[in-house]
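Now for the letters of each chain:
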Amino acid sequence: MLYNIYFSAKGTTKKCADFVVQKISKEIKTFNWLSIEERVSVDMLTQDVLLFSMPVYGGYIPQICLEAIQKLHGQNTPAIIQAVYGNRHFDNALIQMQDLLEKQGFKVIAAGTFLAEHSIFPTVAAGRPNIEDYVAMEKFALQCKDILANSELVAKGKLTVPGDKNYDSLAFKGVPFHPQGDEKCISCMQCVNVCPAQAITMDNPKLTNNELCISCGACISICPVNARNYYEPIYQQAKAGFEIKCKEVRQAQVFYLKAQ
């Protein structure tokens, strides 16, 4: 069984995960950790495979996923990790994922970083993943499939990924702006139901609890009348600066298990 586990608020990490997983296996079990109900305990065997895909928030995986990882249990189970980011940088996301999964009994055999539209500033990396990204993902998937077929390499090989070994997974404190609803809100409650942090309540779905909100953008994506967005003046200032800072186009990077 190939377990396809990801957190995808706006659908782009899901796109990357679903594309890669289907190139590797037809026997797939999927969990999207956007839903609290999907963050369940999963025990995997040595013959299983895990594809673990996460968006990058401030250089790390979403903190909301850290507890859920403790519910994954492998038996030296091969794992493939993917960091999906919006053209700034993936920073310590790969090394963090590798560390967390190895503590849970997994053997990370390959890692990839892929581009997708930025979750907060969608003008950055707009249209990603594009055709070139999907070509890179297909090559990555096929190489992972070859590695999985080489039992000796899986057993004895070593994977090295970039990142600061002394990283602080709680270093990112979030951004100073959060989605809110405006007068177009029809109180359909879809944002309430989709919010992974339970930061929106049925009492007043226009408002967001900024202390709980992780600015993932799920509520923006699901709103049927485009009522939710970032309306604070500081958002526009940050957006302009971010667009300039991240104008250089980045490409996919991949890392594979190597024989020792």
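Everything discussed here concerns the structure shown above.
These lines cover the structure that appears in this document, whether it is placed above or below. Each chain has its residues counted from 1, following the order in which its sequence is written. Per-residue local features are limited, in this predicted model, to residues with pLDDT of at least 70; the limit for side-chain atom pairs, both in listing and counting, is 80 or more; totals at the level of whole chains, interfaces and linings are taken over all residues. For side-chain calculations, the full set of non-hydrogen atoms in the structure is used, while hydrogens and water are omitted.

**Considering the pairing of strand β4 (residues 49-55)**
So, step 1. Residue exposure (1.4 Å probe, protein chains only): buried if accessible area is under 20% of the type maximum, exposed if over 50%, otherwise partly exposed. Helix numbering and strand numbering both begin at the N terminus, where a helix is a DSSP run of H or I of at least 4 residues and a strand a DSSP run of E of at least 2. Of all seven residues in β4, seven are buried; the element is thus mostly enclosed.
So, step 2. What you see with β4 is no split at all: Val49, Leu51, Ser53 and Pro55 on one side and Leu50, Phe52 and Met54 on the other are buried throughout.
So, step 3. Two strands pair when backbone bridges link them, and strand β1 (residues 2-6) and β4 are joined in this way by five bridges, in the parallel orientation. Its bridge partner being in β4, Leu2 is matched across the sheet by Val49.
So, step 4. By this definition, two strands are paired if DSSP reports at least two bridges between them. Sheet topology note: the β4/strand β6 (residues 77-85) ladder contains six bridges and is parallel.

**Here's the deal with unusual backbone geometry**
So, step 1. Here the residue pair Arg128 and Pro129 is connected by a cis peptide bond, since its omega of 0° sits within 30 degrees of zero.
So, step 2. Within the element layout of this structure, Pro129 appears in the loop between β7 (106-115) and α4 (131-148).
So, step 3. Positive phi, close to 80°, is recorded for Asn87, a residue that is not glycine.
So, step 4. Tracing the sequence through the fold places Asn87 in the loop between β6 and α3 (93-103).

**What about the sheet that holds β7?**
Two strands in a sheet stick together by hydrogen bonds in their backbones, pointing the same way (parallel) or opposite ways (antiparallel).
So, step 1. If you walk across this open sheet you meet the six strands as β2-β1-β4-β6-β7-β10, and the pairing is mixed. Bordering the open sheet on either side are β2 (28-32) and β10 (253-256), each of which pairs with just one other strand. Geometrically, the sheet is characterised by an average inter-axis angle of 15° between neighbouring strands, direction not taken into account.
So, step 2. Here a residue-residue contact requires only that any non-hydrogen atoms of the pair lie within 4.5 Å. The angle between two axes is taken between their N-to-C directions and runs from 0 to 180 degrees, where each axis is a line fitted to C-alpha atoms and a helix contributes only its stretch in contact. In this fold α3 packs onto β4, β6, β7 and β10, with an angle of close to 150° to the strand it touches most, β6.
So, step 3. Packing against the sheet, α4 makes contact with β4, β6, β7 and β10, and its axis sits at approximately 170° to β7.

**Side note on the packing of helix α1 (residues 12-24) against α4**
So, step 1. Interaxial distance between α1 and α4 falls to 9 Å at its minimum, and their mutual angle equals 45°. Compared by their axis directions, α1 and α4 come out oblique. Along this stretch, α1 crosses α4, giving a crossing that reads as right-handed. Side by side, α1 and α4 meet where Lys15, Cys16, Phe19, Val20, Lys23 and Ile24 of the first sit next to Tyr134, Met137, Glu138, Phe140, Ala141, Leu142, Cys144, Lys145 and Leu148 of the second.
So, step 2. Put simply, Ala, Val, Leu, Ile, Met, Phe, Trp, Tyr, Cys and Pro go in the nonpolar bin, Asp, Glu, Lys and Arg in the charged bin, and everything else, Gly too, in the polar bin. When the residues that make up the contact of α1 with α4 are grouped by side-chain class, the tally is eleven nonpolar, no polar and four charged. Between 65 and 115 degrees an angle is taken as roughly perpendicular, under 35 as roughly parallel, over 145 as roughly antiparallel, and anywhere else as oblique. Each crossing is labelled by how the near helix is turned from the far one, with a counterclockwise turn of less than a right angle marking it left-handed and a clockwise turn marking it right-handed.

**Let's talk about the side chain of His118**
So, step 1. By the secondary structure assignment, His118 is in the loop between β7 and α4.
So, step 2. In contact with His118, not counting residues within four places along its chain, are Gly86, Val124, Ala125 and Phe242.

**Some remarks on the pattern of salt bridges**
So, step 1. When a carboxyl oxygen of Asp or Glu is within 4 Å of a side-chain nitrogen of Lys or Arg, the pair counts as a salt bridge. Taken as a whole, this structure holds six salt bridges when the rule is applied.
So, step 2. For the salt bridge of Asp133 with Arg128, the shortest nitrogen-to-oxygen distance reads 2.6 Å. Arg128 carries the same exposure label as Asp133, and that label is buried.
So, step 3. The closest approach of N and O atoms between Lys184 and Asp182, which form a salt bridge, is 2.6 Å.
So, step 4. Owing to a relative accessible area of 37%, Lys184 belongs among the partly exposed residues under this scheme.

The values are spatial; any link to function lies outside them.
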